[in-house]
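# Residue-level structural notes
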Amino acid sequence: MRLPCWNNIPADIRLLILATLVLLAQPSGNAVAEDLLGLYIGGTIGQSRVEATETACLCDIFPEIVTETIDKKHLAFKAMLGARPISLVGAEIDYIDFGKPNGEAFGYPTSASIKGVAAFGVLYLPVPIVDVYVKAGIARLESAVNYSYCSPCACDFCLISVQLNRTNTSGAGGVGAQYKFGSWAVRAEYERFTAAGGNPSLLSAGITWSFL
């Protein structure tokens, strides 16, 4: 797994990540240093829905623009670092890998890969027993779509292979619920993003551990 280089992350994402880290570091009125502001780490695994759009030009004889869409589900995972300095508000930084599902476009095999980082603000609702939360933030996702298409070429047919790389920085959001027992918590959540000409999403479940 290759994490994205800090210098390749745009200024808006870096600013949001730094703001999150500042939130992790600053003491709150009711917290003491040893509480570490509810700092936690964790991971989830689940099912992603990867949407990607490809466009090809069949231009050699009769010009024609054709578009195909991949809409596939795949195993995905996420790693997270977060903090909850007060009971109702938190912040979280995630690394997400949506997997690499295979499909078909233009009648030929196609694959799509999406991964990246996201920073969220988290609002916990005042619900007893189980923590219910909503999250909103910004994500930078890198996608790679590999596909082929058949194009007329001098009375024969040529199979053209294409790799389309995209980087999207856009808003992201989600909802979730967790149950805590001591320093551990189990959670389930749904998140939605914008990338590769579609709206990939992740439905996942996992665990977190807090430094308390």
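As the structure is a prediction and not an experimental result, all values here were calculated from the model.

What counts and what doesn't
Residues numbered from 1 in each chain as written. Predicted model: local features only at pLDDT ≥ 70, side-chain atom pairs only at ≥ 80, totals over all residues. Heavy atoms only, no water. Phe/Tyr/Trp six-rings, centres within 6.5 Å; stacked < 30°, edge-to-face > 60°. Buried < 20%, exposed > 50% of the residue type's maximum accessible area, 1.4 Å probe, protein only. Lys NZ or Arg CZ within 6 Å of the ring centre and 35° of its normal. Helix = DSSP H or I, 4+ residues; strand = E, 2+ residues; numbered from the N terminus. Contact = heavy atoms within 4.5 Å. Polar contact = N/O pair within 3.5 Å; in protein donor to acceptor, adjacent residues only side chain to side chain. Core = buried A, V, L, I, M, F, W, Y, C linked by side-chain atoms within 4.5 Å. Pairing = 2+ DSSP bridges.

### Details of the packing of aromatic side chains
Under the criterion given, the structure shown has 6 aromatic pairs. Their ring planes at 55 degrees and their centres at 5.7 Å tell us that tyrosine 124 and tyrosine 133 sit as a pair that is tilted. According to the relative accessible area criterion, tyrosine 124 is buried, its value standing at 3%. Put simply, the rings of Phe98, Phe120 and Phe193 touch in pairs and so form one group of aromatic residues. Here the guanidinium or amino end of arginine 84 rests over the ring plane of tyrosine 124, the centre of that ring lying 3.7 Å away. If you follow lysine 135 out to its NZ or CZ, it ends over the ring of phenylalanine 120, 4.4 Å from the centre.

### What about the environment of aspartate 131?
You can see aspartate 131 is positioned in strand S6 (residues 131–153). By relative accessible area, which is 15% here, aspartate 131 ends up buried. Taking the C-alpha atoms as reference points, aspartate 131 and alanine 177, separated by 46 residues in sequence, lie 5.4 Å from one another. Filtering out sequence-adjacent residues up to four positions away, aspartate 131 remains in contact with Arg84, Tyr124, Gly176, Ala177, Gln178 and Lys180. A distance of 2.9 Å separates polar atoms of two side chains, one belonging to aspartate 131 and the other to arginine 84.

### Some words on the environment of asparagine 146
In this fold, asparagine 146 is placed in strand S6. Exposure remark for asparagine 146: the relative accessible area of 24% places this residue in the partly exposed category. For the pair asparagine 146 and glutamine 163, spaced 17 residues apart in the sequence, the C-alpha separation amounts to 4.4 Å.

### Structural notes on the nonpolar core
Phe98, Leu141 and Phe193 are the most contacted members of the largest nonpolar core, which totals 18 residues. At the level of secondary structure, the elements contributing two or more residues to this core comprise strand S1 (40–58), strand S2 (64–86), strand S5 (108–125) and S6. Phenylalanine 193 has contacts with Ile96, Phe98, Ala118, Phe120, Ala139, Leu141, Gly171, Ala172, Gly198, Asn199 and Pro200, leaving out every residue within four places of it along the chain. Within the second largest apolar cluster, 5 residues are counted, among which are Tyr40, Val122, Tyr124 and Tyr133.

### Section: unusual backbone geometry
Among all residues save glycine, negative phi is the norm, and among peptide bonds the norm is trans. Although it is not a glycine, isoleucine 129 adopts a positive phi angle of roughly 70 degrees. Among the residues examined, isoleucine 129 registers a relative accessible area of 73% and is labelled exposed.

### So, the pairing of strand S8 (residues 184–192)
The two faces of S8 differ: Ala185, Arg187, Glu189 and Glu191 on one face are buried, but Trp184, Val186, Ala188, Tyr190 and Arg192 on the other face are not. Note that S8 and strand S9 (residues 201–210) share 9 bridges and pair antiparallel. Its bridge partner being in S9, alanine 185 is matched across the sheet by threonine 208.

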